[in-house]
Structure formats: structure tokens, C-alpha cells
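Summary of structural features
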Amino acid sequence: MSATRRLVYTLGAIWLVLAVIGSFVIAILPFPPGAASNVAGSVTDTIRLLTWAAWPVFSLTIIGVIGAVLVRRSDPDAAAAPARELRGNPRLASTWIGVVGAVVLALAIVGTITLGNDDAAQALGLGGRTISGDNGNVIGGALDEGGYLPVQVIAQQWQFTYRYPTLGGFESAHLVLPNNTNVQFHITSLDVTHSFWLIALGVKGDAVPLHDNVFLATTQQLGTYRSVCGELCGLWHGAMDDNSMQVVSAGDFDTWVAQEKVLDAPIMKYLPPYSTTYVPDPAAYGS
Amino acid sequence: MTVNGKTMSSIDPTTAAHSFAVPGLGVNVPLLGVDDNAPAGATNTVVFSFKVPASGIFHWQCFVPCAAGTLYGLGGPMQTLGFMDGQIEVGS
């Protein structure tokens, strides 16, 4: 057995071990954003799957580069031969182009169908943005007729506020959600375009003036999470960063709602009626 | 808070000319505008207090779109540092 062949076998064995160990490590690594919601869970699973699929290819590439360097160093003429064989090989080239083209085409078709059917994720119970989701047909109780807790996210320069239309329509500067609940976010803006990004829950939706952007997610983990604006929206864009968003137990949520209602009682008469969008009227303010 | 010495807990938002808000501290105080028929130079004095939980730099701003003549009243001074927004530095 030649030294080069022995090296190839050795590197091949190393790659195999790396690929197997890497696959196990990737299976247990805590990838972001986590599993705080069904949307976050599906995002995490996708990242894990793609990393798992890419790792053998990545490690093989690195091993190949290392092998080429070692071969080149041990015998400077050896590396030139395989390169000449590869050059101008129509069968290899057409196979390469054909396989890559088929993979890209298949992914493009799947992606196009998914984009065209924006509610595919909801049909699979994965949550996410929806176009045909109802726009808040409130029928009483905390949940709407679809079994979702509607929460309106109102963006303005430079703060998010949150309104709970099925709980009396009060508005809070803090977002608190009950655990194990289907939440229907209605995201809108009073001024410029913002983006509501609830990182750990995998929720990210543009807040566009005069537009009701609906996003579905199911809470799955208690905790305190961070929400930020994901769209450059002006001078204090960076200030739209809140580390106090909470997912709490049903009992704690009820307690919080009761407290907020008491706090908001003096100003409820001034709040405009709940609407999926609002039109600011600066002329209405005091002199 | 008191407005010209009179205790108030809320005001009609259509009478607010500005607001003094520090989102990071949970402070949001509407500032009552002077009456349209008030003489030139008339002012309202609003007094309020709050406790600062920690040292740091906090962003303050007016949340009432008070920049007349700009889109939705949100341009001009609403977008200029030192006019309707700024920073509060809280020392230790």
C-alpha cells in the first residue's frame, strides 16, 4: 500500500469518527432559539437538522484540505496528477451540475409552495405568520373563537405596548403571557415600520402602520424573555429592547390581569376602542 | 402628580401637549397643555416624583406627536436629540 493511499484511509477513518461524534454532539447541543414556543421549537429543529446534515460535508471538506496539504508536502508532484484527471471530465461535471441543480430546484419548488401557502405551518401546528388567520373576532372570554388568546402589539417610536382585547381591552407597557396557551399576536404600528421580535419564542413580525400582521404561537416554557425591535425605526431604535417579557402560569397570569385592570381603570375611558389598526391624529392633542 | 398645585392621577389625552416618559423606569407623565385662550407666556407646572431602582443611563422622550407640520407630528423636534428626547444619567 502506497503512503498516499494509507494517508487517505487514515483521514477517511478520522472523518468517519468525526462525523459520528459530531452527529451525536449536534443532537444534544442547545441550539437557539430554544423551545419556549412551538414556533421556536420548529426553528430550533430546522437549525439542528441543517447543521446535522451539513456537518459530515463540512468535516469531509476540512479533512480533504488537510489531506491535500499533507500529500503535497510529502510529494510535491503527487497533487498535480488528480487535478489533471479532474480537469475537463464531462461526466463528472455533468453529474455535479445535475445533482446540485436537482437539489436547488427541489428546494425552490418546496419554498415557493410554502410561501404561496402561508398557512401551511399552522396546518402542521407549527405556528408562524398567517394571512388568512381571523382578525380578532372577539366573542367573549379570554380566548377568541379559534381558541387563541389575542394580544395586540402596538409599536411606536420608540416603545411597544400591548393590548388584550378579550380581557377588557386594557393596555400595558409589559408583555405577559400564560403558559401552554395559543397566542394570536396582532402586530401594528402608529408611526413608522417597526418589527416585533420576541427572540426566544421565535416570533418576528413587521409592525406596519394601518396593517394588522397576525402571528400565531403557542407558549411552552415559563420564563422571562427579551423582545426587541428588528427594523431600524429612527433615533432611539436601540431603546426598543425589553428584557422583561414573561411567560407565567395561568394563575399568575390571572393575577397580573387583575392588577393591570386596577391600574388601568382611571385611564380606560381615554383609550380608543379596540381596533386592528389605529390612525394617529396629532391635531387631537392639546395646544 | 400635581398640576398647578392640584392633585391629578390622569388627564384626558386630548389635553396633553407633551409627555415625559422614561420607558426603562416605568415613568410616563402626561403634561397638560395650556388653555387655548390663556395669555401669552402662560404655563402649567407639573410636579411628580418617582424612585430610581438602579444607576445607569435611561432614555427619556415625549410620546405625544407634538411636532406640528411634520408627518403625523413625529418629525422635527421629535427626531432631534435634546429636544423631545434625551438621556438621563443616574449615578450610584
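Data block above holds the structure.
So, a few notes on the structure that sits alongside this text. (Residues numbered from 1 in each chain as written. Chains lettered and ligands numbered in written order. Predicted model: local features only at pLDDT ≥ 70, side-chain atom pairs only at ≥ 80, totals over all residues. Heavy atoms only, no water.)

1. Digging into the overall build of chain B
Along chain B, the regular secondary structure elements total zero helices and seven strands. Projected onto its principal axes, the C-alpha positions of chain B cover 45 × 35 × 20 Å. Going through the 92 residues of chain B one by one, you find that 30% of them count as buried. Counted over contacts in chain B with a minimum sequence separation of 6, partners at least 24 positions apart contribute 52%. (Helix = DSSP H or I, 4+ residues; strand = E, 2+ residues; numbered from the N terminus. Buried < 20%, exposed > 50% of the residue type's maximum accessible area, 1.4 Å probe, protein only. Contact = heavy atoms within 4.5 Å.)

2. Description of the side chain of Q159(A)
Of note, Q159(A) is situated in strand β3 (residues 159-164). Not counting residues up to four positions away in its chain, the partners in contact with Q159(A) are I154(A), A173(A), M240(A), P23(B) and F63(B).

3. Things to note about the packing of aromatic side chains
Under the definition given, this model contains twelve aromatic pairs over all chains. For the pair F20(B) and F48(B), a centre-to-centre distance of 5.9 Å together with 40° between the ring planes defines the contact as tilted. Highlighted residues: F20(B) in strand β3 (residues 16-22) and F48(B) in the loop between β5 (46-47) and β6 (56-61), separated in sequence by 28 residues. Using a relative accessible area of 31% as the deciding quantity, one classes F48(B) as partly exposed. Each member of the aromatic cluster is reached from another via a ring pair, and the members are F160(A), Y162(A), F185(A) and F196(A). We note K204(A) situated over the ring of W197(A); from NZ or CZ to the ring centre the distance is 5.4 Å. (Phe/Tyr/Trp six-rings, centres within 6.5 Å; stacked < 30°, edge-to-face > 60°. Lys NZ or Arg CZ within 6 Å of the ring centre and 35° of its normal.)

4. Considering the pattern of salt bridges
Residue and element names in this part refer to chain A. Within this structure, the stated rule accounts for one salt bridge over all chains. With a shortest N-O distance of 2.8 Å, D241 and R226 are connected by a salt bridge. Of this pair, D241 sits in strand β11 (residues 241-248) while R226 sits in strand β10 (residues 223-229), placing them 15 residues apart in sequence. You can call D241 partly exposed: its relative accessible area is 32%. Judged by its relative accessible area of 38%, R226 falls in the partly exposed class. (Salt bridge = Lys/Arg side-chain N within 4 Å of Asp/Glu carboxyl O.)

5. A look at the nonpolar core
All names here are of chain A. One finds Y164, L175, F185, F196, L201 and F253 to be the most contacted residues of the largest nonpolar core, which totals 37 residues. If you tally residues by element for this core, the top one is strand β2 (residues 149-156), at four residues. Ignoring sequence-local partners within four residues, the contact set of F196 consists of V153, F160, Y162, L175, F185, I187, V203, K204, G205, S227 and V228. (Core = buried A, V, L, I, M, F, W, Y, C linked by side-chain atoms within 4.5 Å.)

6. Details of a nonpolar patch on the surface
All names here are of chain A. Residues V17, I21, V25 and L29 make up a contiguous nonpolar surface patch of about 320 Å² in total accessible area. Within the secondary structure layout, V17 lies in helix α1 (residues 3-28). In this structure V17 comes out as partly exposed when scored by relative accessible area, which is 48%. (Patch = residues over 30% accessible without salt bridge, like charges linked within 9 Å, V, L, I, M, F, W, Y side chains within 5 Å. Areas by Shrake-Rupley, 256 points an atom, 1.4 Å probe, with all protein chains shown as cover.)

7. With respect to helix α2 (residues 38-74) of chain A
All names here are of chain A. Between the first and last C-alpha of α2 there are 53 Å, a value that for 37 residues agrees with the 54 Å anticipated at 1.5 Å per step. The sharpest bend along α2 reaches about 35° and sits at A54, with the proline P56 one to four residues further on. Taken as a whole, α2 has its buried residues at N38, V39, A40, G41, S42, T44, S59, I63, G67 and V71. The N-capping residue of α2, defined by a side-chain oxygen 3.2 Å from the backbone nitrogen of V39, is S37. (Expected span 1.5 Å × (residues − 1). Bend = angle between axes of the 7 residues up to and from the residue. Polar contact = N/O pair within 3.5 Å; in protein donor to acceptor, adjacent residues only side chain to side chain.)

8. A look at the packing of α1(A) against α2(A)
Residues and elements named next belong to chain A. For the pair α1 and α2, the least separation of the axes is 9 Å and the interaxial angle reads 155°. Comparing the axis directions of α1 and α2 gives the class roughly antiparallel. The handedness of the crossing between α1 and α2 is right-handed. Contacts between α1 and α2 involve T4, L7, L11, I14, W15, L18, A19, G22, S23, I26, A27 and I28 on the former and, on the latter, R48, T51, W52, W55, P56, S59, L60, I63, G67, L70 and V71. In terms of residue class, the contact of α1 with α2 is made up of 16 nonpolar, six polar and one charged. (Axes fitted to C-alpha atoms, helices over the stretch in contact; angles between N-to-C directions. Parallel < 35°, antiparallel > 145°, perpendicular 65-115°, else oblique. Left-handed = near helix turned anticlockwise from the far one by under 90°. Nonpolar A, V, L, I, M, F, W, Y, C, P; charged D, E, K, R; others polar.)

9. Focus: the sheet that holds strand β8 (residues 203-207) of chain A
Residue and element names in this part refer to chain A. Judged by pairing direction, the sheet is mixed, and its five strands sit side by side in the order β5-β11-β10-β7-β8 without closing on themselves. Strand pairing shows two members of the sheet lacking a second neighbour, β5 (176-178) and β8, which therefore form its edges. With direction set aside, neighbouring strand axes in the sheet form an average angle of 25°. With three bridges joining them, strand β7 (residues 194-198) and β10 adopt antiparallel strand pairing. Bridging across to β10, L198 finds its partner in S227. The strands touched by helix α6 (residues 250-264) are β5 and β11; relative to β5, the strand with the most contacts, the crossing angle is about 140°. (Pairing = 2+ DSSP bridges.)

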